[in-house]
Amino acid sequence: MASLAGRTAIITGASSGIGAATAVALSHAGVRLVLTGRRAQPAIEIPGAVYVAGDMTTPGFADSLFAQTPECDIVVNNAGVLVVGEVDDIDLDAVAHMVRVNVESAYRVAYLAARRFKENRRGHLINLSSVLGSKVRLTAGAYSGTKHAIEALSEALRQELVGTRVKVTCIEPGLVMTELHRDFAVHPRDQFEIRQALEPNDVARAIVFALEQPDHVNVARLMLLAADQAI
Ligand SMILES: NC(=O)c1ccc[n+]([C@@H]2O[C@H](COP(=O)([O-])OP(=O)(O)OC[C@H]3O[C@@H](n4cnc5c(N)ncnc54)[C@H](OP(=O)(O)O)[C@@H]3O)[C@@H](O)[C@H]2O)c1
């Protein structure tokens, strides 16, 4: 396994959930951290980590994060939102906003990372997709579409960057217990009868696993499901 000590990571969506757990795990591995999220203070404070509050959809925000972090060689492209609903009542403005966060902003971060890493001939881009990046589920088609979009870009970037020492990984979790479902009337754990969903730490461990592979190994896709999640 390759040591991560001394490397520098930007993690988007690091103020809660999977991003926060990944920040803790990478901090333990000796990685310097630049974290971002919308709220003024992250859910977990990490000594030594830089936290930059801001909205990924604000023009120039992602560019300034990269400009502030020239030494960055890991990007965890994780910020995301989830909007579901039936044909008759899904909030179309919320869907449009989700596309801006999950696709437009995530694409910008992915390309900025790819450019930086290609120039430096070193780096690892981790994109947060979902089990719904390759499947669809009733009422979650729009969200699923945003994650299919991330899968497509990840695979195309991986192909384009072959031979440059830049790695691209897509992480595809099933249900994880985070704030993502906080507005749901019925939590998906109950809806789909999942006794024990994933915890953010389970996904963080998978991200560390991908990052710690030796130079000749790229984990291109990694799907992680609760043992009792059918999909
Ligand atoms: N939880 C699951 O079941 C699950 C499953 C598969 C994939 N995923 C993916 O995993 C990623 C992380 O989600 P999570 O489950 O950890 O949910 P979460 O706890 O709600 O975390 C989402 C993070 O994204 C940030 N964020 C959202 N909109 C933003 C914006 N416009 N600008 C900047 N930051 C923004 C949030 O910041 P603030 O809260 O500070 O605004 C927060 O830090 C997402 O891409 C999600 O699609 C989650």
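The structure this text deals with has already been given above.
In this report, the structure presented in the accompanying data block is examined.

### Regarding empty space enclosed by the protein
Move 1: By the definition in use, this model includes one cavity of 30 Å³ or more.
Move 2: The computed volume of the largest cavity comes to approximately 50 Å³.
Move 3: Together, Thr-12, Met-56, Asn-77, Asn-78, Ala-79, Val-101, Ser-105, Ala-106 and Val-109 line the largest cavity.
Move 4: Top element by residues in the lining of the largest cavity is helix α3 (residues 92-120). It accounts for four residues.
Move 5: Taken together, the residues of the lining of the largest cavity break down into five nonpolar, four polar and no charged.

### A few points about the packing of aromatic side chains
Two measures describe an aromatic ring pair: the distance that separates the ring centres and the angle between the ring planes.
Move 1: Scanning the entire structure with this criterion turns up zero aromatic pairs.
Move 2: When the ring centre of Phe-192 is taken as reference, the NZ or CZ atom of Arg-137 above it lies at 4.3 Å.

### Quick look at the site of the ligand
Move 1: Among the 30 residues in the neighbourhood of the ligand, the closest are listed as Ser-15, Arg-38, Arg-39, Tyr-143 and Thr-178.
Move 2: Within the contact set of the ligand, an oxygen atom lies 2.7 Å away from a side-chain nitrogen or oxygen of Ser-15.
Move 3: Here Thr-178 contributes a side-chain N or O atom positioned 2.6 Å from an oxygen atom of the ligand.
Move 4: Its free accessible area being 890 Å², the ligand has 96% of it covered by the protein chains.
Move 5: Going through the elements one at a time, α1 (17-28) and α4 (141-160) are the ones with two or more residues in the shell around the ligand.
Move 6: When the residues that make up the shell around the ligand are grouped by side-chain class, the tally is twelve nonpolar, 13 polar and five charged.

### Concerning the nonpolar core
Generally speaking, nonpolar side chains in soluble globular proteins are found buried as a group.
Move 1: Counting residues in hydrophobic clusters, the biggest one holds 27 residues, and the most contacted among them are Ile-11, Leu-26, Leu-33, Ile-126 and Ile-207.
Move 2: Put simply, the parts of the chain that give this core at least two residues each are β1 (8-11), α1, β2 (32-37), β4 (74-77), β5 (123-128), α6 (200-211) and β7 (221-224).
Move 3: When residues in this core are grouped by element, the largest group, six residues, is from α6.
Move 4: If near-sequence neighbours (up to four positions away) are discounted, Ile-126 is found in contact with Val-75, Val-76, Asn-77, Thr-169, Ile-171, Ile-207, Ala-210 and Leu-211.
Move 5: Formed by 23 residues, the second largest nonpolar core is a distinct cluster that contains Ala-62, Phe-66, Leu-125 and Leu-153.

### A closer look at the pattern of salt bridges
A pair can form between side chains of opposite charge whenever their charged atoms are brought close.
Move 1: One pass over the structure, following the stated rule, counts 13 salt bridges.
Move 2: Arg-165 serves as the salt-bridge partner of Asp-215, at 3.8 Å between the closest nitrogen and oxygen. Note that Asp-215 is positioned in the loop between α6 and β7 and Arg-165 in the loop between α4 and β6 (166-173), a separation of 50 residues in sequence.
Move 3: By relative accessible area, which is 53% here, Arg-165 ends up exposed.
Move 4: In this structure, Arg-182 engages Glu-179 in a salt bridge whose closest nitrogen and oxygen atoms are separated by 2.7 Å.
Move 5: By relative accessible area, which is 30% here, Glu-179 ends up partly exposed.
Move 6: Shared partners join several salt bridges into a network, and the residues in it are Arg-7, Asp-73 and Arg-122.

Cut-off values and rules
Residues numbered from 1 in each chain as written. Predicted model: local features only at pLDDT ≥ 70, side-chain atom pairs only at ≥ 80, totals over all residues. Heavy atoms only, no water. 1 Å grid on protein atoms, 1.4 Å probe; cavity = no way out; pocket = protein on both sides within 12 Å on 5 of 7 lines; lining within 4 Å. Points joined across faces, edges and corners; volume = space filled by probe spheres on them. Helix = DSSP H or I, 4+ residues; strand = E, 2+ residues; numbered from the N terminus. Nonpolar A, V, L, I, M, F, W, Y, C, P; charged D, E, K, R; others polar. Phe/Tyr/Trp six-rings, centres within 6.5 Å; stacked < 30°, edge-to-face > 60°. Lys NZ or Arg CZ within 6 Å of the ring centre and 35° of its normal. Near = heavy atom within 4 Å. Polar contact = N/O pair within 3.5 Å; in protein donor to acceptor, adjacent residues only side chain to side chain. Areas by Shrake-Rupley, 256 points an atom, 1.4 Å probe, with all protein chains shown as cover. Core = buried A, V, L, I, M, F, W, Y, C linked by side-chain atoms within 4.5 Å. Buried < 20%, exposed > 50% of the residue type's maximum accessible area, 1.4 Å probe, protein only. Contact = heavy atoms within 4.5 Å. Salt bridge = Lys/Arg side-chain N within 4 Å of Asp/Glu carboxyl O.

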